Amino acid sequence: MIKVAVNGYGTIGKRVADAVSCQPDMEIIGVSKTKPGAEAYVAQKRGYPLYIADISKKDAFTKAGIQVAGSVEEMIQKADIVVDATPGGVGEGNKALYEKYQKKAIWEGGEEHEVAGFSFNASCNYEQAIGRQYARVVSCNTTGLCRIIKLIDSVFGVKKVRATMVRRGGDPGDIKRGPIDAIVLNPVTIPSHHGPDVQSVLPNINIITSAMIVPTTLMHMHFINMELKNPATKEQVIELIKAHSRLGLIEKSTGITSTAQLKEFTSDLLRPRGDLWENGIFADSLSVLDGTDLYLFQAIHQEADVVVETVDCIRAMAGDVKTAMESIAMTNKAVGLTAIR
Ligand SMILES: NC(=O)C1=CN([C@@H]2O[C@H](COP(=O)(O)OP(=O)(O)OC[C@H]3O[C@@H](n4cnc5c(N)ncnc54)[C@H](O)[C@@H]3O)[C@@H](O)[C@H]2O)C=CC1
Ligand SMILES: O=C(OP(=O)(O)O)[C@H](O)COP(=O)(O)O
């Protein structure tokens, strides 16, 4: 069993812990928090040993009825691989600790590519992650872009991608985030970080991205245009998407035309936390004009899509499962991911 520690039990960390704990070849040996609170209670309820970044705060946890297993440093020593899901920019500072104990580590998309020197997406470069010491799972939007671009490029060839990301303001529990009443260009400049981040995984893709933030919490929405090298039909693209286990297709018959209805759908499907791990591609938006000009809208659930990728990244770095196909199938089966159709 691969012993996994999750440093930072927040939006992503708590989902990674649950996804890891249901894999046949992995176990959670600990998760970490900085303060006692609802998530710490849940970690305890789930039976995850809880470690804390600052051991001098142990009394505050004990007083709140939460048992502390030790310090983050002690947790790291017990792990084979650490998933660092601390807030963006914090994870970089933890690298010295992982180096000190020679532990493999995975960072999430809030960190720069350079922290790990390798950026990961299971559908794109699983095999290159095998046995690695460090990796970064690219951000949620970048993950959604990489999945669809890789598929289309491998069949038709992609000459150029233009993509605009309409990003959610904060996660549903992030009460301090915004905007409340604005459309914020984030960044004002072009490209947004997503294009260069796609290239950190797929270096040969010519891509320009732009992004804005809007007052919603549920999901992001992408508008993507791909100029193809070889002609395609809408039907061919739909068939390819249907054959990809992490690309969901939202059919007209569902009546779903928004992130809100999509989230309701995944909740009604009794997905854990209503998570949409796959891209939500709107079948009706998919258009191929003049044979080589592909357009589509896709919804990306920011809290969920990187979770399954992180599980595959752990497996690749551990080194026993040699193909993306095998790992993706194991991960999907364990969490219960059958892409929506
Ligand atoms: N929330 C999202 O939509 C997505 C986030 N990401 C990335 O995932 C990473 C984590 O983000 P979130 O889960 O949203 O953050 P979060 O703020 O929800 O959770 C971070 C957790 O880390 C803990 N923490 C803070 N400082 C710590 C420290 N020094 N040591 C140990 N734990 C510490 C906090 O208590 C909190 O539980 C970031 O790199 C972010 O950019 C990637 C995709 C989507
Ligand atoms: O990885 C994400 O978005 P991104 O792909 O736009 O960087 C997550 O939604 C986190 O974004 P945040 O930095 O707005 O919390």
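Residues numbered from 1 in each chain as written. Chains lettered and ligands numbered in written order. Predicted model: local features only at pLDDT ≥ 70, side-chain atom pairs only at ≥ 80, totals over all residues. Heavy atoms only, no water.

Draft legend 1. Fine view of helix α11 (residues 305–318). Taking 1.5 Å per residue as the helical rise, α11 with its 14 residues ought to reach 20 Å, and the 21 Å between its terminal C-alpha atoms agrees with that figure. Judged by how many residues are buried, α11 sits mostly within the fold: 13 of 14 residues are covered. (Helix = DSSP H or I, 4+ residues; strand = E, 2+ residues; numbered from the N terminus. Expected span 1.5 Å × (residues − 1). Buried < 20%, exposed > 50% of the residue type's maximum accessible area, 1.4 Å probe, protein only.)

Draft legend 2. Focus on the UniProt feature "binding site: D-glyceraldehyde 3-phosphate" (unreviewed entry) in the protein chain. Sites flagged by UniProt as "binding site: D-glyceraldehyde 3-phosphate" (unreviewed entry) map to S139, C140, N141, H194 and G195. These residues run over 57 residues, yet every pair of their C-alpha atoms falls within 12.8 Å of each other. Looking at where S139 falls in the secondary structure, it is placed in the loop between β8 (134–137) and α7 (140–156). The residues contacting S139, other than those within four sequence positions of it, are G109, H193, H194 and V306. (UniProt positions renumbered as here; feature names shortened; annotations may be inferred. Contact = heavy atoms within 4.5 Å.)

Draft legend 3. Inspection of the domain arrangement of the protein chain at higher detail. For the protein chain, the domain assignment lists domain 1 (2–138 + 306–335) and domain 2 (140–300). On a C-alpha basis, the centres of domain 1 and domain 2 stand 26 Å from each other. Facing the 23 residues of domain 1 at the interface are 17 residues of domain 2. The three residues of domain 1 that bury the most area against domain 2 are R15, C124 and V138, which together make up 29% of that side's buried surface. At the junction of domain 1 and domain 2, the tally comes to 6 salt bridges. (Domains from an automatic or database assignment. Buried area = accessible area lost by both parts, 1.4 Å probe. Salt bridge = Lys/Arg side-chain N within 4 Å of Asp/Glu carboxyl O.)

Draft legend 4. Representation of the site of ligand 1 within the structure. Taken together, 22 residues lie near ligand 1, and T11, I12, K33, D171 and Q302 sit nearest. Here K33 contributes a side-chain N or O atom positioned 2.7 Å from an oxygen atom of ligand 1. At 2.6 Å from a nitrogen atom of ligand 1 is found a side-chain nitrogen or oxygen belonging to D171. Every element with two or more residues in the shell around ligand 1 is listed here: α1 (11–21) and β2 (26–33). Class assignment for the residues of the shell around ligand 1 results in 8 nonpolar, 10 polar and 4 charged. The two domains that each donate at least three residues to the shell around ligand 1 are domain 1 (2–138 + 306–335) and domain 2 (140–300). (Near = heavy atom within 4 Å. Polar contact = N/O pair within 3.5 Å; in protein donor to acceptor, adjacent residues only side chain to side chain. Nonpolar A, V, L, I, M, F, W, Y, C, P; charged D, E, K, R; others polar.)

Draft legend 5. Expanded view of the site of ligand 2. Around ligand 2, the surrounding shell consists of S139, C140, N141, R167, R168, R177, H193, H194, H220 and Q302. At 3.1 Å from an oxygen atom of ligand 2 is found a side-chain nitrogen or oxygen belonging to R168. In this structure, an oxygen atom belonging to ligand 2 sits 2.8 Å away from a side-chain N or O atom of R177. For ligand 2, the protein covers 73% of the area, taking 390 Å² as the surface of the free molecule. (Areas by Shrake-Rupley, 256 points an atom, 1.4 Å probe, with all protein chains shown as cover.)

Draft legend 6. Region of interest: the packing of aromatic side chains. Taken as a whole and judged by the stated rule, the model has 6 aromatic pairs. Ring geometry for Y98 against W107: centres 5.8 Å apart, planes inclined by 55°, an arrangement best described as tilted. Its relative accessible area of 0% is what places W107 among the buried residues. Aromatic pair W107 and Y134: ring centres 5.5 Å apart, planes at 55°, arrangement tilted. Here the residue W107 occupies a position in strand β6 (residues 104–107), and Y134 occupies one in strand β8, the gap between them amounting to 27 residues. (Phe/Tyr/Trp six-rings, centres within 6.5 Å; stacked < 30°, edge-to-face > 60°.)

Draft legend 7. The arrangement of the sheet that holds strand β1 (residues 2–7) in detail. Read from one edge of the open sheet, 8 strands run β4-β3-β2-β1-β5-β6-β8-β7, paired in parallel fashion. Of all strands in the sheet, those bounded by a partner on one side alone are β4 (70–71) and β7 (119–120). Where β1 lies against β2, 5 bridges are found, and the strand directions are parallel. Its bridge partner lying in β2, V6 is registered against V31. (Pairing = 2+ DSSP bridges.)

Draft legend 8. A look at the nonpolar core. Counting residues in each nonpolar core, the largest one holds 48 residues, and the members touching the most others are V4, V20, I28, V31, I106, F120 and I314. By residue number, the principal contributor to this core is α11, which donates 8 residues. Taken domain by domain, the makeup of this core includes at least three residues from each of domain 1 (2–138 + 306–335) and domain 2 (140–300). Leave out the neighbours within four places in its chain, and I106 touches I81, V82, V83, D84, A135, V137, T310, C313, I314 and M317. (Core = buried A, V, L, I, M, F, W, Y, C linked by side-chain atoms within 4.5 Å.)

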